[in-house]
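# Commentary on secondary and tertiary structure
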Amino acid sequence: MASRGAAPRAGNGTPTGVPVTSSGELPDDVAIGAQTAQAAGMTGAVGRTLVCADTSGSPVVLYGVGDPDALDASALRDAVAAFAHAAHAARLELVLPEGPLLTPEAAAQAAVEGVLLARYGYEPLKATPSVTPVSSLTLLVEDASAEAALRGAQRGLVLARATALARDLANAPPNTLTAVGMAECAARLAAESGFRIEVFDKEALTELGCGGLLGVNAGSAEPPRMIKLSHTPADHGAPRLTLVGKGIMYDSGGISLKPGDAVHATMKNDMSGAGAILAAMTALPALECPTAVTAYLMCTDNMPSGTATKLGDVLSIRGGTTVEVLNTDAEGRLVMADALVLASEEPTDAIVDIATLTGACLRALGAEIAGVFGNDQPLVTQVLAAARDTGEPAWQLPLARRYRAELESDVADIRNMGGPNGAAIHAALFLEDFVAGVPWAHIDIAGPAQNDKAASWRPRGCTGFGARLLTELALNFRPVRTS
């Protein structure tokens, strides 16, 4: 962090990002005229960049920020991501723009997030890295804004690291990150970050009666794990939030085998919900989150074999509810049902689950927007606000109970599939059965968990969607009931 009055541009070959508004005005010391810049495509629109130099010959990247009166954190995050893609050096500096919708703190946070997340790459298995990581980022701000900007930059660093962690977990090939490996990783992160962890193996899950998780795991050679995480602030009267994450480490579909196409290779991302929660938990102690947060990560793979759950089998969920399995590829709701019951048995003000749950939600909202359902509108509103504030878009879908009858079973209390239409709603209605009336929201991230191609600060591959959203939700959570 440097203030503009105390530290001018580095002038040592470090690319400097300089904001350009839609008016097209350029700083006096940029060695290019406005007409030349415009002819080269620098319109000042968000996403536009132009590499040039200042009058001393040092590299400059002009990056568009659009109308300064309309510039908010989301637009700035996109704008600086374009700068990060245009400037390929490891050491960067950035002139931070100003605007009526941006405090220095919010601007610095968005800038750090945009640069670091744009430069993300999953590299551990490559002999030659294809992405240049950022080794240092200097923000140039006015003297009076330096202290606030530093706070924002530090917060942005924590959140960018959490998102990168969520991406790493989801991008990891399924033969390198199993349910057992996820638990081991969580234990290391708990020791480093300062949250508590309990790990439940197959024997413990059997004692707890977690028939959903055990049923999905039945066809696998890899044992399951339930991972319980806890962040406890000093205030013993703090609000209590419980998170539940789907952790299907690889989803073949089980006996209901998925088609033999490219979708199979992406099914390592079916633990993106659990990964987002684990990543968020690492951020809460660093950000001094005032909310008491408990999390359940339900981890297994879903494989076909002679011991796998069959179509027509009946599983008994924690608490005794029986479920007729009509499709073993609708497994996420089965493992999450156990956790939702466990969450509702403990004192909590609200439960929020997150999962790559239904292709139907992807088809309804596309690949960039998560679906949100819930039984309590104030809680859903908090989730949507966190989505808006973090640039992780979500849209509320109806928890249409008129479709609940389609989940009725002739042989069990409920079945895991409804009719041919409204599958995202059926999944949400199924989950609602297990929260015992506790305020609850469900986030379906089947679309935004993965990108087919890079866009701004969202890379190709697993996006880490939800890590920042859940952190923001926990930081600002307000109980929606008094009991």
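Residues numbered from 1 in each chain as written. Predicted model: local features only at pLDDT ≥ 70, side-chain atom pairs only at ≥ 80, totals over all residues. Heavy atoms only, no water.

## Some points on the sheet that holds strand E14 (residues 370–374)
What links the strands of a sheet is backbone hydrogen bonding, and the strands pair in either a parallel or an antiparallel sense. Within the open sheet, the eight strands sit side by side as E7-E8-E10-E9-E13-E17-E14-E15. Their pairing is mixed. Of all strands in the sheet, those with a lone pairing partner are strand E7 (196–200) and strand E15 (394–396), marking the two edges. Direction aside, neighbouring strands of the sheet carry axes that sit 20 degrees apart on average. As judged from the four bridges shared by E14 and strand E17 (residues 440–444), these two strands associate in the antiparallel manner. Bridged to Val372 within E17 is Ile443. (Pairing = 2+ DSSP bridges. Helix = DSSP H or I, 4+ residues; strand = E, 2+ residues; numbered from the N terminus. Axes fitted to C-alpha atoms, helices over the stretch in contact; angles between N-to-C directions.)

## Describing helix H9 (residues 272–286)
End to end, H9 covers 22 Å across 15 residues, agreeing with the expected 21 Å (1.5 Å per residue, within 8%). Most of H9 is tucked away: 13 of the 15 residues are buried. Glu288 sits one or two positions beyond H9 and adopts a positive phi of about 55 degrees. (Expected span 1.5 Å × (residues − 1). Buried < 20%, exposed > 50% of the residue type's maximum accessible area, 1.4 Å probe, protein only.)

## So, the packing of helix H2 (residues 73–86) against helix H3 (residues 104–118)
Helix-helix packing: each pair is described by the crossing angle between the helix axes and the interaxial distance. Interhelical geometry of H2 versus H3 gives an angle of 40 degrees and a closest axis separation of 7 Å. Relative to H3, the element H2 lies oblique. As H2 runs across H3, the sense of the crossing is right-handed. In this structure, H2 contributes Ala73, Leu76, Arg77, Val80, Ala81, Phe83, Ala84 and His85 to the contact, and H3 contributes Ala107, Ala110, Ala111, Glu113, Gly114, Val115 and Ala118. Class assignment for the residues of the contact of H2 with H3 results in eleven nonpolar, two polar and two charged. (Parallel < 35°, antiparallel > 145°, perpendicular 65-115°, else oblique. Left-handed = near helix turned anticlockwise from the far one by under 90°. Contact = heavy atoms within 4.5 Å. Nonpolar A, V, L, I, M, F, W, Y, C, P; charged D, E, K, R; others polar.)

## Quick look at the confidence of the model for the protein chain
Atomic detail in the predicted coordinates should be set aside for any region of low pLDDT. Looking at the protein chain, pLDDT values average 93 and 96% of them are 70 or higher. Low pLDDT, under 50, characterises residues 1–8; the predicted model gives this stretch 24 contacts beyond four residues in sequence or across chains. (pLDDT = per-residue confidence, 0-100.)

## Some remarks on the pairing of E14
Within E14, five of the five residues are buried, leaving the element largely enclosed by the surrounding structure. Side-chain alternation along E14 places Ala370, Val372 and Gly374 on one buried face and Gly371 and Phe373 on a second face that is also buried. With three bridges joining them, E14 and E15 adopt parallel strand pairing. Note that in E15 the partner of Gly371 across the bridge is Trp395. Between E14 and its parallel partner E15, the chain crosses via helix H12 (residues 377–390), and the hand of that crossover is right-handed. (Right-handed = clockwise from strand over helix to strand, strands pointing away.)

## A short note on the environment of Arg460
By the secondary structure assignment, Arg460 is in the loop between strand E18 (450–451) and strand E19 (461–462). Judged by its relative accessible area of 65%, Arg460 falls in the exposed class. Between the C-alpha atoms of Arg460 and Gln450, which are ten residues apart in sequence, the distance is 7.3 Å. A distance of 2.9 Å separates a polar side-chain atom of Arg460 from the backbone oxygen of Asp452. (Polar contact = N/O pair within 3.5 Å; in protein donor to acceptor, adjacent residues only side chain to side chain.)

## Quick look at the pattern of salt bridges
Here the structure, examined in full by the defined rule, presents 18 salt bridges. The partner of Glu472 in a salt bridge is Arg155, with the nearest N and O atoms 2.9 Å apart. Here Glu472 is found in helix H14 (residues 467–476), whereas its partner Arg155 is found in helix H4 (residues 146–171), with 317 residues between them in sequence. Among the residues examined, Arg155 registers a relative accessible area of 23% and is labelled partly exposed. (Salt bridge = Lys/Arg side-chain N within 4 Å of Asp/Glu carboxyl O.)

## A few points about the packing of aromatic side chains
Following the criterion strictly, the structure yields two aromatic pairs and no others. Ring centres 6.1 Å apart and planes at 40 degrees place the aromatic pair Tyr63 and Phe83 in the tilted group. Taken together, the positions of Tyr63 in strand E4 (residues 59–66) and Phe83 in helix H2 put the pair 20 residues apart, joining distant regions of the chain. Ring geometry for Phe430 versus Phe434: centroids 5.2 Å apart, planes at 50 degrees, classification tilted. Both residues of the pair, Phe430 and Phe434, count as buried. Over the ring of Tyr120 we find Arg167; its NZ or CZ atom is 5.2 Å from the centre of that ring. (Phe/Tyr/Trp six-rings, centres within 6.5 Å; stacked < 30°, edge-to-face > 60°. Lys NZ or Arg CZ within 6 Å of the ring centre and 35° of its normal.)

## Some points on the pairing of strand E6 (residues 136–141)
With five bridges connecting them, strand E5 (residues 91–95) and E6 associate as parallel partners. Residue Glu93 lies in a different strand from E6, and its bridge partner there is Thr138. Following the chain from E5 across H3 to the adjacent parallel E6, one finds a crossover that is right-handed.

## Some thoughts on the nonpolar core
Within the largest apolar cluster, 62 residues are counted, with the highest numbers of intra-cluster contacts made by Met182, Leu278, Val352, Ile443 and Leu470. Sort the elements by how many residues they give to this core and H9 lands first, with nine residues. Not counting chain neighbours up to four residues away, the residues in contact with Leu470 comprise Leu243, Ala276, Ile277, Ala280, Val352, Ile354 and Ile443. Residues Leu342, Leu365, Ile425 and Leu429 belong to the second largest nonpolar core, which totals 48 residues. (Core = buried A, V, L, I, M, F, W, Y, C linked by side-chain atoms within 4.5 Å.)

## Focus: H12
Compared with an ideal rise of 1.5 Å per residue, which puts 14 residues at 20 Å, H12 spans 20 Å between its outermost C-alpha atoms and is within 8% of the ideal. Listed in full, the buried residues belonging to H12 are Leu379, Val380, Gln382, Val383, Ala386, Ala387 and Thr390. Summarising the axial view, the buried residues of H12 lie within an arc of 155 degrees, below the 170-degree limit, and thus occupy one face. Residues of H12 that are buried sit in contact with H2, strand E13 (350–355), E14, E15, E17 and H14. N-capping of H12 is provided by Asp376, with a side-chain oxygen placed 3.1 Å from the backbone N of Leu379. Count one or two residues on from H12 and you reach Gly391, which has phi positive near 70 degrees. (Arc of directions from axis to C-beta.)

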